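Geometric and topological summary
Read off the chains here:
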Amino acid sequence: MTAGRAAPLGPGATIGVLGGGQLGRMMAVVARQMGYRIIVLDPSARCPTAQVSDGVVVGALDDVQAARHLASQVDVITLDTEHVPADVLAELEPIAPVRPNASVLRTIQDRLVQKQFLDRIGLPQASWAPADDLDAALAKVGRPAILKVRRAGYDGKGQQRIDLDGDPHAVLAKLRGEPAVAEEVVRFTREISVILARGLDGQIAIYPVAENVHRHHILHTTRAPAPMPDAQRKRAEAIAVSVAEALGHVGAMAVEMFELPDGRLLVNEIAPRTHNSGHYTYGACATSQFEQHVRAICGVPLGDPRALTGAVMVNLIGDLWAKGPPQWHDVLARPEARLHLYGKDAPAPGRKMGHVVLLDDDTDRALATAQSLIATLAARS
Ligand code: AMP
(Lines give C-alpha, C1' and ligand atoms only; values in the text may rest on other atoms or scores of the structure.)
Protein backbone atom coordinates (compact mmCIF):
# COMPACT_ATOMS: atom_id res chain seq x y z
CA MET A 1 0.00 0.00 0.00
CA THR A 2 1.52 3.39 -0.88
CA ALA A 3 1.28 6.09 1.75
CA GLY A 4 -0.86 8.29 -0.50
CA ARG A 5 -3.52 5.62 -1.00
CA ALA A 6 -3.89 4.56 2.65
CA ALA A 7 -7.43 4.96 3.89
CA PRO A 8 -7.97 7.91 6.22
CA LEU A 9 -8.56 7.03 9.86
CA GLY A 10 -11.35 9.18 11.17
CA PRO A 11 -12.33 9.88 14.78
CA GLY A 12 -13.20 6.61 16.52
CA ALA A 13 -9.96 5.00 15.31
CA THR A 14 -7.37 3.92 17.88
CA ILE A 15 -3.89 5.43 17.97
CA GLY A 16 -1.04 3.51 19.60
CA VAL A 17 1.74 5.59 21.12
CA LEU A 18 5.21 4.19 21.80
CA GLY A 19 6.48 6.01 24.88
CA GLY A 20 4.39 7.78 27.48
CA GLY A 21 6.04 11.16 28.09
CA GLN A 22 4.60 14.65 27.92
CA LEU A 23 4.50 14.79 24.12
CA GLY A 24 2.31 11.69 24.01
CA ARG A 25 0.21 13.12 26.80
CA MET A 26 -0.52 16.41 25.05
CA MET A 27 -1.27 14.57 21.81
CA ALA A 28 -3.58 12.16 23.66
CA VAL A 29 -5.56 15.00 25.26
CA VAL A 30 -6.21 16.54 21.85
CA ALA A 31 -6.82 13.20 20.10
CA ARG A 32 -9.42 12.15 22.66
CA GLN A 33 -11.09 15.55 22.39
CA MET A 34 -11.43 14.77 18.66
CA GLY A 35 -12.92 11.33 19.36
CA TYR A 36 -9.87 9.12 18.80
CA ARG A 37 -8.85 6.41 21.26
CA ILE A 38 -5.33 6.18 22.65
CA ILE A 39 -3.36 3.18 23.89
CA VAL A 40 0.20 3.75 25.10
CA LEU A 41 3.23 1.50 25.60
CA ASP A 42 5.47 2.54 28.48
CA PRO A 43 7.39 0.91 31.32
CA SER A 44 5.15 2.77 33.79
CA ALA A 45 1.37 2.36 34.04
CA ARG A 46 1.30 5.87 35.62
CA CYS A 47 3.35 7.64 32.94
CA PRO A 48 2.17 11.11 31.77
CA THR A 49 0.43 9.70 28.66
CA ALA A 50 -1.20 6.72 30.42
CA GLN A 51 -2.92 9.14 32.81
CA VAL A 52 -4.99 10.51 29.93
CA SER A 53 -5.27 7.40 27.73
CA ASP A 54 -7.90 4.72 27.10
CA GLY A 55 -5.43 1.91 27.73
CA VAL A 56 -1.82 1.15 28.57
CA VAL A 57 0.48 -1.74 27.74
CA VAL A 58 3.23 -1.91 30.33
CA GLY A 59 6.60 -2.76 28.80
CA ALA A 60 9.96 -1.37 27.79
CA LEU A 61 10.20 0.43 24.44
CA ASP A 62 12.53 -2.27 23.12
CA ASP A 63 10.22 -5.09 24.24
CA VAL A 64 9.04 -6.48 20.89
CA GLN A 65 6.36 -8.72 22.43
CA ALA A 66 4.83 -5.80 24.34
CA ALA A 67 5.00 -3.59 21.24
CA ARG A 68 3.30 -6.30 19.15
CA HIS A 69 0.58 -6.56 21.79
CA LEU A 70 -0.01 -2.81 21.46
CA ALA A 71 0.06 -2.98 17.65
CA SER A 72 -2.62 -5.68 17.57
CA GLN A 73 -5.07 -3.32 19.32
CA VAL A 74 -4.61 -0.13 17.27
CA ASP A 75 -5.22 1.31 13.79
CA VAL A 76 -2.02 3.38 13.58
CA ILE A 77 1.16 3.63 15.65
CA THR A 78 3.14 6.75 16.46
CA LEU A 79 5.96 7.82 18.79
CA ASP A 80 6.51 9.99 21.81
CA THR A 81 10.26 9.71 21.38
CA GLU A 82 12.65 9.03 18.49
CA HIS A 83 14.57 6.61 20.70
CA VAL A 84 12.27 3.65 20.07
CA PRO A 85 14.56 1.19 18.26
CA ALA A 86 13.90 1.29 14.50
CA ASP A 87 14.09 -2.51 14.45
CA VAL A 88 11.09 -2.66 16.79
CA LEU A 89 9.15 -0.35 14.46
CA ALA A 90 10.04 -2.55 11.49
CA GLU A 91 8.53 -5.54 13.36
CA LEU A 92 5.29 -3.62 13.83
CA GLU A 93 4.87 -2.33 10.28
CA PRO A 94 3.17 -5.52 9.01
CA ILE A 95 0.64 -5.29 11.88
CA ALA A 96 -0.34 -1.59 11.70
CA PRO A 97 0.98 1.49 9.89
CA VAL A 98 3.80 3.16 11.81
CA ARG A 99 4.05 6.93 11.29
CA PRO A 100 6.76 8.12 11.18
CA ASN A 101 8.12 4.80 9.90
CA ALA A 102 11.19 2.73 10.71
CA SER A 103 13.17 4.17 7.82
CA VAL A 104 12.72 7.77 9.06
CA LEU A 105 13.75 6.69 12.54
CA ARG A 106 16.83 4.87 11.25
CA THR A 107 17.99 8.13 9.65
CA ILE A 108 17.26 10.30 12.66
CA GLN A 109 18.06 8.31 15.79
CA ASP A 110 21.78 7.94 15.05
CA ARG A 111 23.40 11.39 14.97
CA LEU A 112 26.04 10.19 12.53
CA VAL A 113 23.44 8.90 10.05
CA GLN A 114 21.41 12.10 10.52
CA LYS A 115 24.45 14.22 9.68
CA GLN A 116 25.28 12.08 6.65
CA PHE A 117 21.67 12.54 5.50
CA LEU A 118 21.91 16.33 5.87
CA ASP A 119 25.18 16.37 3.92
CA ARG A 120 23.62 14.18 1.22
CA ILE A 121 20.66 16.52 0.70
CA GLY A 122 22.99 19.50 0.71
CA LEU A 123 21.82 21.31 3.84
CA PRO A 124 24.31 23.39 5.83
CA GLN A 125 25.36 22.18 9.29
CA ALA A 126 28.25 22.66 11.72
CA SER A 127 31.50 21.01 10.67
CA TRP A 128 31.47 17.46 12.09
CA ALA A 129 33.34 14.18 12.05
CA PRO A 130 33.01 10.74 13.66
CA ALA A 131 34.88 10.81 16.99
CA ASP A 132 36.30 7.28 16.57
CA ASP A 133 39.57 8.85 15.42
CA LEU A 134 39.50 11.82 17.77
CA ASP A 135 42.71 13.47 16.57
CA ALA A 136 41.52 13.39 12.95
CA ALA A 137 38.09 14.67 14.01
CA LEU A 138 39.58 17.63 15.89
CA ALA A 139 41.88 18.38 12.98
CA LYS A 140 38.70 18.81 10.91
CA VAL A 141 36.31 20.59 13.31
CA GLY A 142 38.90 22.50 15.35
CA ARG A 143 38.78 23.41 19.04
CA PRO A 144 36.71 24.11 21.06
CA ALA A 145 34.50 21.22 19.98
CA ILE A 146 31.51 19.31 21.31
CA LEU A 147 31.33 15.54 21.52
CA LYS A 148 27.83 14.11 21.20
CA VAL A 149 26.93 10.45 21.61
CA ARG A 150 25.45 9.02 18.43
CA ARG A 151 22.41 7.46 20.11
CA ALA A 152 19.96 8.31 22.87
CA GLY A 153 21.32 11.76 23.72
CA TYR A 154 18.84 14.55 24.45
CA ASP A 155 18.75 17.85 26.34
CA GLY A 156 22.53 17.91 26.38
CA LYS A 157 22.77 14.42 27.90
CA GLY A 158 25.68 12.53 26.36
CA GLN A 159 27.47 15.75 25.38
CA GLN A 160 30.95 16.86 26.45
CA ARG A 161 32.84 19.97 25.50
CA ILE A 162 36.48 19.89 24.47
CA ASP A 163 38.05 23.22 25.36
CA LEU A 164 41.09 24.89 23.87
CA ASP A 165 43.37 23.38 26.50
CA GLY A 166 43.26 20.06 28.34
CA ASP A 167 43.35 16.47 27.11
CA PRO A 168 40.60 15.75 24.56
CA HIS A 169 41.02 11.98 25.04
CA ALA A 170 40.15 12.40 28.73
CA VAL A 171 36.95 14.19 27.65
CA LEU A 172 36.14 11.40 25.19
CA ALA A 173 36.65 8.83 27.98
CA LYS A 174 33.77 10.49 29.89
CA LEU A 175 31.44 9.07 27.22
CA ARG A 176 32.46 5.56 28.43
CA GLY A 177 33.08 4.15 24.99
CA GLU A 178 29.74 5.28 23.51
CA PRO A 179 30.18 5.97 19.78
CA ALA A 180 30.14 9.74 19.27
CA VAL A 181 30.52 12.53 16.75
CA ALA A 182 32.59 15.69 17.17
CA GLU A 183 31.17 19.06 16.17
CA GLU A 184 32.67 22.53 15.94
CA VAL A 185 31.31 24.94 18.55
CA VAL A 186 29.08 27.29 16.57
CA ARG A 187 29.11 30.96 17.52
CA PHE A 188 25.49 31.60 16.73
CA THR A 189 23.56 34.79 17.30
CA ARG A 190 20.43 32.84 18.14
CA GLU A 191 18.72 29.47 17.86
CA ILE A 192 15.49 29.02 15.95
CA SER A 193 13.27 26.11 15.05
CA VAL A 194 10.71 25.40 12.40
CA ILE A 195 7.82 23.13 13.32
CA LEU A 196 5.79 21.69 10.52
CA ALA A 197 3.52 18.77 9.86
CA ARG A 198 3.50 16.66 6.71
CA GLY A 199 0.40 14.68 5.85
CA LEU A 200 0.11 11.25 4.27
CA ASP A 201 -0.60 12.95 0.95
CA GLY A 202 2.49 15.15 1.20
CA GLN A 203 0.57 18.29 2.22
CA ILE A 204 2.69 20.48 4.53
CA ALA A 205 1.57 22.97 7.18
CA ILE A 206 4.27 25.25 8.61
CA TYR A 207 4.11 27.10 11.93
CA PRO A 208 5.56 30.54 12.62
CA VAL A 209 9.32 30.27 13.18
CA ALA A 210 10.23 29.98 16.87
CA GLU A 211 13.21 31.63 18.60
CA ASN A 212 14.68 29.49 21.36
CA VAL A 213 16.92 30.12 24.35
CA HIS A 214 18.57 27.12 26.02
CA ARG A 215 20.01 26.99 29.54
CA HIS A 216 22.37 24.16 30.46
CA HIS A 217 21.48 22.56 27.10
CA ILE A 218 17.76 22.45 27.99
CA LEU A 219 15.21 24.63 26.24
CA HIS A 220 14.33 27.54 28.54
CA THR A 221 12.13 29.87 26.49
CA THR A 222 10.53 29.96 23.06
CA ARG A 223 9.21 33.12 21.44
CA ALA A 224 6.96 32.98 18.38
CA PRO A 225 6.84 34.38 15.87
CA ALA A 226 10.60 34.98 15.95
CA PRO A 227 11.25 38.55 14.81
CA MET A 228 12.94 38.14 11.41
CA PRO A 229 12.84 39.48 7.88
CA ASP A 230 10.51 37.63 5.50
CA ALA A 231 13.37 36.40 3.31
CA GLN A 232 15.09 34.79 6.30
CA ARG A 233 11.85 33.17 7.43
CA LYS A 234 11.39 31.72 3.98
CA ARG A 235 14.94 30.32 4.03
CA ALA A 236 14.30 28.64 7.38
CA GLU A 237 11.00 27.21 6.16
CA ALA A 238 12.56 25.92 2.95
CA ILE A 239 15.23 24.04 4.94
CA ALA A 240 12.58 22.36 7.12
CA VAL A 241 10.41 21.46 4.12
CA SER A 242 13.33 19.89 2.29
CA VAL A 243 14.14 17.76 5.34
CA ALA A 244 10.54 16.55 5.66
CA GLU A 245 10.26 15.77 1.96
CA ALA A 246 13.61 14.05 1.65
CA LEU A 247 12.72 11.85 4.62
CA GLY A 248 9.20 11.14 3.35
CA HIS A 249 8.16 12.03 6.89
CA VAL A 250 4.56 11.80 8.07
CA GLY A 251 3.57 13.71 11.19
CA ALA A 252 4.82 16.74 13.08
CA MET A 253 8.51 17.53 12.83
CA ALA A 254 10.95 20.09 14.20
CA VAL A 255 14.14 21.31 12.62
CA GLU A 256 16.39 23.21 15.03
CA MET A 257 18.83 25.68 13.49
CA PHE A 258 21.63 28.04 14.48
CA GLU A 259 21.51 31.54 12.99
CA LEU A 260 24.97 32.98 12.36
CA PRO A 261 26.04 36.65 12.53
CA ASP A 262 26.04 36.80 8.70
CA GLY A 263 22.49 35.39 8.60
CA ARG A 264 23.40 31.87 7.48
CA LEU A 265 21.37 29.04 8.97
CA LEU A 266 22.93 25.74 10.07
CA VAL A 267 20.77 22.74 10.90
CA ASN A 268 21.49 21.54 14.44
CA GLU A 269 19.02 18.73 14.94
CA ILE A 270 15.93 17.10 13.47
CA ALA A 271 13.13 15.76 15.68
CA PRO A 272 10.59 13.58 13.81
CA ARG A 273 7.78 14.38 16.25
CA THR A 274 6.08 17.18 18.12
CA HIS A 275 8.66 19.38 19.82
CA ASN A 276 9.11 21.40 22.97
CA SER A 277 9.64 24.56 20.91
CA GLY A 278 6.19 23.96 19.37
CA HIS A 279 4.30 23.86 22.65
CA TYR A 280 3.28 27.47 22.09
CA THR A 281 1.10 26.32 19.19
CA TYR A 282 -1.32 24.86 21.75
CA GLY A 283 -3.18 28.05 22.57
CA ALA A 284 -1.52 30.40 20.11
CA CYS A 285 -2.35 28.74 16.79
CA ALA A 286 -5.59 27.75 15.12
CA THR A 287 -4.43 24.09 15.17
CA SER A 288 -1.82 22.94 17.68
CA GLN A 289 1.17 20.80 16.70
CA PHE A 290 -0.45 17.94 18.63
CA GLU A 291 -3.70 18.06 16.69
CA GLN A 292 -1.71 18.45 13.48
CA HIS A 293 0.29 15.33 14.30
CA VAL A 294 -2.90 13.35 14.90
CA ARG A 295 -4.35 14.59 11.60
CA ALA A 296 -1.15 13.77 9.70
CA ILE A 297 -0.72 10.21 11.00
CA CYS A 298 -4.43 9.50 10.54
CA GLY A 299 -4.38 10.71 6.94
CA VAL A 300 -7.09 13.33 7.39
CA PRO A 301 -6.66 16.93 6.14
CA LEU A 302 -4.24 19.11 8.09
CA GLY A 303 -5.58 22.07 10.06
CA ASP A 304 -4.70 25.74 9.87
CA PRO A 305 -1.29 26.41 11.49
CA ARG A 306 -1.82 30.19 11.58
CA ALA A 307 -0.93 32.01 14.81
CA LEU A 308 -3.87 33.82 16.36
CA THR A 309 -1.55 35.67 18.75
CA GLY A 310 2.13 35.98 19.60
CA ALA A 311 3.35 33.72 22.38
CA VAL A 312 6.19 32.91 24.73
CA MET A 313 6.69 29.49 26.29
CA VAL A 314 8.81 28.93 29.37
CA ASN A 315 9.71 25.45 30.59
CA LEU A 316 9.17 24.42 34.20
CA ILE A 317 12.18 22.33 35.16
CA GLY A 318 12.36 19.99 38.18
CA ASP A 319 14.76 22.32 40.03
CA LEU A 320 11.74 24.53 40.78
CA TRP A 321 10.37 21.66 42.92
CA ALA A 322 13.48 21.56 45.16
CA LYS A 323 11.52 22.59 48.27
CA GLY A 324 8.17 21.17 47.27
CA PRO A 325 5.62 21.92 44.55
CA PRO A 326 5.76 25.56 43.39
CA GLN A 327 2.90 27.87 44.31
CA TRP A 328 1.00 28.46 41.08
CA HIS A 329 -1.04 31.46 42.15
CA ASP A 330 0.98 34.11 40.27
CA VAL A 331 0.82 32.06 37.06
CA LEU A 332 -2.90 31.35 37.36
CA ALA A 333 -3.60 34.98 38.20
CA ARG A 334 -2.37 36.14 34.79
CA PRO A 335 -5.12 35.98 32.19
CA GLU A 336 -2.65 35.51 29.33
CA ALA A 337 -0.92 32.53 30.99
CA ARG A 338 -1.68 28.86 30.28
CA LEU A 339 -0.24 26.35 32.74
CA HIS A 340 0.61 22.83 31.56
CA LEU A 341 1.83 20.21 34.04
CA TYR A 342 2.79 16.76 32.84
CA GLY A 343 1.73 14.61 35.79
CA LYS A 344 5.27 13.50 36.65
CA ASP A 345 5.56 12.55 40.29
CA ALA A 346 9.34 12.53 40.61
CA PRO A 347 10.71 16.04 40.04
CA ALA A 348 14.45 15.91 39.43
CA PRO A 349 16.94 18.62 38.49
CA GLY A 350 16.88 19.06 34.72
CA ARG A 351 13.61 17.13 34.32
CA LYS A 352 10.86 18.82 32.30
CA MET A 353 7.81 18.95 34.59
CA GLY A 354 5.59 21.35 32.69
CA HIS A 355 5.53 24.68 30.91
CA VAL A 356 3.70 28.00 30.81
CA VAL A 357 2.57 29.66 27.60
CA LEU A 358 1.99 33.43 27.66
CA LEU A 359 -0.35 34.56 24.91
CA ASP A 360 0.61 38.12 24.01
CA ASP A 361 1.20 39.86 20.69
CA ASP A 362 3.91 41.86 22.45
CA THR A 363 6.44 39.03 22.75
CA ASP A 364 9.08 41.28 24.38
CA ARG A 365 6.61 41.92 27.19
CA ALA A 366 5.74 38.21 27.35
CA LEU A 367 9.44 37.29 27.62
CA ALA A 368 9.85 39.73 30.52
CA THR A 369 6.76 38.27 32.19
CA ALA A 370 8.11 34.74 31.71
CA GLN A 371 11.40 35.67 33.39
CA SER A 372 9.68 37.29 36.33
CA LEU A 373 7.28 34.37 36.80
CA ILE A 374 10.17 31.91 36.81
CA ALA A 375 12.11 34.09 39.26
CA THR A 376 9.09 34.20 41.58
CA LEU A 377 8.57 30.43 41.36
CA ALA A 378 12.28 29.84 41.99
CA ALA A 379 12.33 32.18 44.99
CA ARG A 380 9.42 30.32 46.58
CA SER A 381 10.71 26.82 45.94
P1 AMP B 1 21.39 19.37 21.02
O2 AMP B 1 21.02 18.30 22.00
O3 AMP B 1 22.37 18.91 20.01
O4 AMP B 1 20.21 20.07 20.42
O5 AMP B 1 22.12 20.48 21.91
C6 AMP B 1 21.45 21.20 22.89
C7 AMP B 1 21.91 22.63 22.89
O8 AMP B 1 23.33 22.70 23.09
C9 AMP B 1 21.68 23.36 21.59
O10 AMP B 1 20.37 23.81 21.45
C11 AMP B 1 22.69 24.48 21.71
O12 AMP B 1 22.26 25.48 22.62
C13 AMP B 1 23.88 23.77 22.32
N14 AMP B 1 24.71 23.22 21.23
C15 AMP B 1 24.61 22.01 20.66
N16 AMP B 1 25.50 21.85 19.66
C17 AMP B 1 26.21 22.98 19.58
C18 AMP B 1 27.28 23.45 18.75
N19 AMP B 1 27.82 22.68 17.81
N20 AMP B 1 27.75 24.70 18.96
C21 AMP B 1 27.23 25.49 19.93
N22 AMP B 1 26.22 25.11 20.75
C23 AMP B 1 25.71 23.89 20.59
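Because the structure is a prediction, the values reported are computed rather than measured.

Buried within helix H2 (residues 64-71) we find Ala66, Ala67, Leu70 and Ala71. Down the axis of H2, the buried side of the element spans an arc of 140°, and every buried residue falls inside it. Close packing links the buried residues of H2 with strand S1 (14-18), strand S2 (37-42), strand S3 (55-58), strand S4 (76-79) and helix H3 (86-92). The N-capping residue of H2, defined by a side-chain oxygen 3.1 Å from the backbone nitrogen of Gln65, is Asp63.

We now examine the pairing of strand S6 (residues 145-149). Burial runs high along S6: 5 of the 5 residues are buried. Residues of S6 alternate between two faces, with Ala145, Leu147 and Val149 on one and Ile146 and Lys148 on the opposite face, all of them buried. The pairing of S6 with strand S8 (residues 180-184) spans 5 bridges and is classified as antiparallel. Each residue of the ladder has a partner; that of Val149, found in S8, is Ala180.

Let's shift gears to the environment of Arg338. Relative to the helices and strands, Arg338 resides in strand S16 (residues 337-341). Under the relative-accessibility criterion, Arg338 is labelled partly exposed at 38%. Linking Arg338 and Gly283, residues 55 residues apart in sequence, is a C-alpha distance of 7.9 Å. Residues in contact with Arg338, not counting those within four places in the same chain, are His355, Val356, Val357 and Leu359. Separated by 3.5 Å, the side chain of Arg338 and the backbone oxygen of Pro335 make a polar contact.

About the thresholds
- Residues numbered from 1 in each chain as written.
- Predicted model: local features only at pLDDT ≥ 70, side-chain atom pairs only at ≥ 80, totals over all residues.
- Heavy atoms only, no water.
- Buried < 20%, exposed > 50% of the residue type's maximum accessible area, 1.4 Å probe, protein only.
- Helix = DSSP H or I, 4+ residues; strand = E, 2+ residues; numbered from the N terminus.
- Arc of directions from axis to C-beta.
- Contact = heavy atoms within 4.5 Å.
- Polar contact = N/O pair within 3.5 Å; in protein donor to acceptor, adjacent residues only side chain to side chain.
- Pairing = 2+ DSSP bridges.

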